[in-house]
Amino acid sequence: MNLKHVMIVLKKELKDSFRDKKSVLTNILLPLILIPLMYYFMNMGIKSMTSQAEEDLTIGVISNDINTANEFVKQNIIGEDNINIVNVTQSEVNQKLENGDISCALLFSDDFFEKLNNDENVEVELKYNSLKNSSSLGMQRLNSKIMALNQILATSKLQSMNISPDILNLITPTTNDISKELNDGKTSNDMLTMIIPMYLVIVIVTAGIPLAVDIIAGERERNTFEALFSTKADRLSILVGKYLSILIFSVIAVIMSFIGLILGIVLNPEMFSTAGADMSLTTMLQALNMPIGAMLLILLASITLAAAFAGIQIAISTMAKTVKEAQTYLSYLTFPAMILGFSTMFMGAMDINRYMSFIPVFNTIAAIKMVLSGIIDYYFLTITVVVNVLFIVVVLIFIVNLFKKEKTIIK
Amino acid sequence: MISLNNVTKKFDDKTATYELNFKINEGEIFGLLGENGAGKTTTLRMLATMLKPTSGNITVCGFDTVKQDSKVRENIGIMFGGETGLYDRLTAKENIEYFGMLYDMDKNKLDEQIKKISKILEMDEYIDKRVANFSKGMKQKVAFARTIIHNPKVLLLDEPTSGLDVTAAVQVHEFIKSCKKDGRTVVFSSHTMSEVEKLCDRVAIIHKGKLIDLDTLDNLRVKYNEENLEKLFTDLIKGGNE
Ligand SMILES: Nc1ncnc2c1ncn2[C@@H]1O[C@H](COP(=O)(O)OP(=O)(O)O)[C@@H](O)[C@H]1O
Ligand SMILES: [Mg+2]
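Residues numbered from 1 in each chain as written. Chains lettered and ligands numbered in written order. Predicted model: local features only at pLDDT ≥ 70, side-chain atom pairs only at ≥ 80, totals over all residues. Heavy atoms only, no water.

(A) Fine view of the overall build of chain B. Scanning chain B from N- to C-terminus turns up nine helices and ten strands. Taking 18 Å as the expected radius of gyration for a compact globule of 242 residues, we find that chain B reaches 18 Å, a close match to that expectation. A principal-axis box enclosing the C-alpha atoms of chain B has dimensions of 55 × 40 × 30 Å. Counting across all 242 residues of chain B, residues that qualify as buried make up 55%. (Helix = DSSP H or I, 4+ residues; strand = E, 2+ residues; numbered from the N terminus. Rg over C-alpha atoms; globule rule 2.2 N^0.38 Å. Buried < 20%, exposed > 50% of the residue type's maximum accessible area, 1.4 Å probe, protein only.)

(B) Structural view of the packing of aromatic side chains. If you walk through the whole model with that rule in mind, you get 16 aromatic pairs over all chains. An angle of 70 degrees between the planes, with centres 5.8 Å apart, marks the rings of B:Tyr87 and B:Tyr98 as edge-to-face. Separated by eleven residues along the polypeptide, B:Tyr87 in the loop between β6 (76-80) and α3 (92-102) and B:Tyr98 in helix α3 bring together distant segments of the chain. Summarising the burial analysis for this pair, B:Tyr87 and B:Tyr98 share the class buried. One cation-aromatic arrangement involves A:Arg235 over A:Phe229; the distance from NZ or CZ to the ring centre is 5.6 Å. Lying across the ring of B:Phe99, B:Arg146 places its NZ or CZ 4.8 Å from the centre. (Phe/Tyr/Trp six-rings, centres within 6.5 Å; stacked < 30°, edge-to-face > 60°. Lys NZ or Arg CZ within 6 Å of the ring centre and 35° of its normal.)

(C) Region of the structure containing the domain arrangement of chain A. For chain A, the assigned domains read domain 1 (3-36 + 187-409) and domain 2 (50-169). Its C-alpha centre places domain 1 of chain A at a distance of 56 Å from the equivalent point of domain 2 of chain A. (Domains from an automatic or database assignment.)

(D) The arrangement of the side chain of B:Asp215 in detail. Examined against the element boundaries, B:Asp215 turns out to sit in strand β10 (residues 210-216). Among the residues examined, B:Asp215 registers a relative accessible area of 17% and is labelled buried.

(E) Fine view of the site of ligand 1. Around ligand 1, a shell composed of A:Ile410, B:Phe11, B:Lys14, B:Ala16, B:Glu35, B:Asn36, B:Gly37, B:Ala38, B:Gly39, B:Lys40, B:Thr41 and B:Thr42 is seen. Proximal residues around ligand 1 fall on chains A and B, making this an inter-chain site. At 2.5 Å from an oxygen atom of ligand 1 is found a side-chain nitrogen or oxygen belonging to B:Thr41. In the environment of ligand 1, an oxygen atom lies 2.5 Å from a nitrogen or oxygen atom belonging to the side chain of B:Thr42. When ligand 1 sits alone it has 560 Å² of accessible area, and the protein chains cover 74% of it. Only β2 (14-24) and α1 (40-47) of chain B provide two or more residues apiece to the shell around ligand 1. Element by element, the count of residues in the shell around ligand 1 is highest for α1(B), at three residues. (Near = heavy atom within 4 Å. Polar contact = N/O pair within 3.5 Å; in protein donor to acceptor, adjacent residues only side chain to side chain. Areas by Shrake-Rupley, 256 points an atom, 1.4 Å probe, with all protein chains shown as cover.)

Have a look at this one:
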């Protein structure tokens, strides 16, 4: 191997690929804006859900004693809330629910008021359409109002009988999340720890693909491979130069994703306060403000994984007969990353076992997830990096041998 | 200049060339003539050190293609296929420079050489433009320049006119002639006798990996008493089939 030749090849491949607008777009710009965009749309979604829940609601009331019913609903159920009442008949209620004229309907039985006055148990039917989000939300709103009314009625009844209403709440459960105590007060950020590790690993696994296709299979299809191999540069130098260019490209994409991640948080701070107590900007930054050692180790884990996959990409692009074939095979690389990613998605950071650090790809996703959740396990992180390095060695041995074969260049 | 000694190449159990024995002289244009699958490309790849002979050996400029492959590569320039590819996003100069640097040429020498070749091939106008929008003729010139940037003694061209239109093919022929003028040895393969006839000093006719005959065109005419070389070629191949 000749270092000078390695550098010449590396410089040329980087220059060549940075002039390719498409690859600059997918490797630098896209990772940079994807996470902020994800946040932006999630934020919008949450906002519209909350505003829908507070919007004016129109409900239908069905009863044979419509005046009493209207009065009862206004006084006892709606109160001050912005809910409009329309009177509908049995026959038209389904149609109106479907049209969206009303969000839901209350159907009072004929003897409802009579029974209620006699302190008998009564039923009221709440009609809604679960296919419509606004209808479901309206039903929930009405339902909780009726529950509240129950409480009030029961309380006054008990008081009139000289019994303390406390009897209604003999047992009160209080919840206490111990994860905070276990993690020095750092909270896990569910949304982020679910999506981001998987996203990062997909970037690591796929970022080098366009370049790998172009500089091996593409080179061969262009008829320049033979010319290249007839220069003074030996095969190993050419291979290493190309390998490093793919690696650098992948690492750039990973770093851009990290920057995108921070941008996403900074640009959408309200998202982290509206979506739940655990999602404030400060807690997130706190989580990011992890021990420098742990941070370096997950960066190292990401880079070593990228290094192994740069090798796998070269191998696949080399073995493929044509550019098309290379593209097809390389696109399959996304699947293992996705599957392993999904399998960790719904796993709590604390469910991750140490033996998992021996499974390549999975270990890196898990490591990022743990560190983002504030769980710092140096044993896990170190094993992950060591396993990834072994992974690189295996891949490199394989591609060096591949390049020694005559059939590699000649198809 | 080049010598093949009992060169046999097998792919698995398929024999691509069988005990080839011949020498190519310095400064001559040497044709490798044969049908598709005759073993032309395989032979040229062995000369270019990309394939190792299964048995036998080859020397180029006195260097063994297996044991001294790097020395051999310094002395050869290759062009495989008519539609020779270039890197579209690099300029003509950057394309040529890349190969020059991989031949360990120093920067000044390389610049000088590019200027010289660019003048000769009349590429000055577009030498600093990106290759992507070049016409076929322009691209071809860049490929020529790339092939001779390191001033190789031997050129190996594998069917350099295949897939080209007439104008482009003529441009290739002119290039081959100019290389001979510069004192280079040119080995090129073809499947048509008419092309070989126009350019070659000597021709080796190969069929199914075996050398059928090797001589100057005039000697071939006399030897087989046949003025029509195209017919001679087809007759020889038929003979080889029996
Ligand atoms: N890489 C290879 N693997 C297997 N067989 C090959 C390979 N390259 C060439 N051959 C076989 O060797 C023979 C000679 O091929 P080639 O040298 O390409 O002929 P030509 O260039 O004259 O058309 C053919 O039969 C071809 O199928
Ligand atoms: Mg051929």
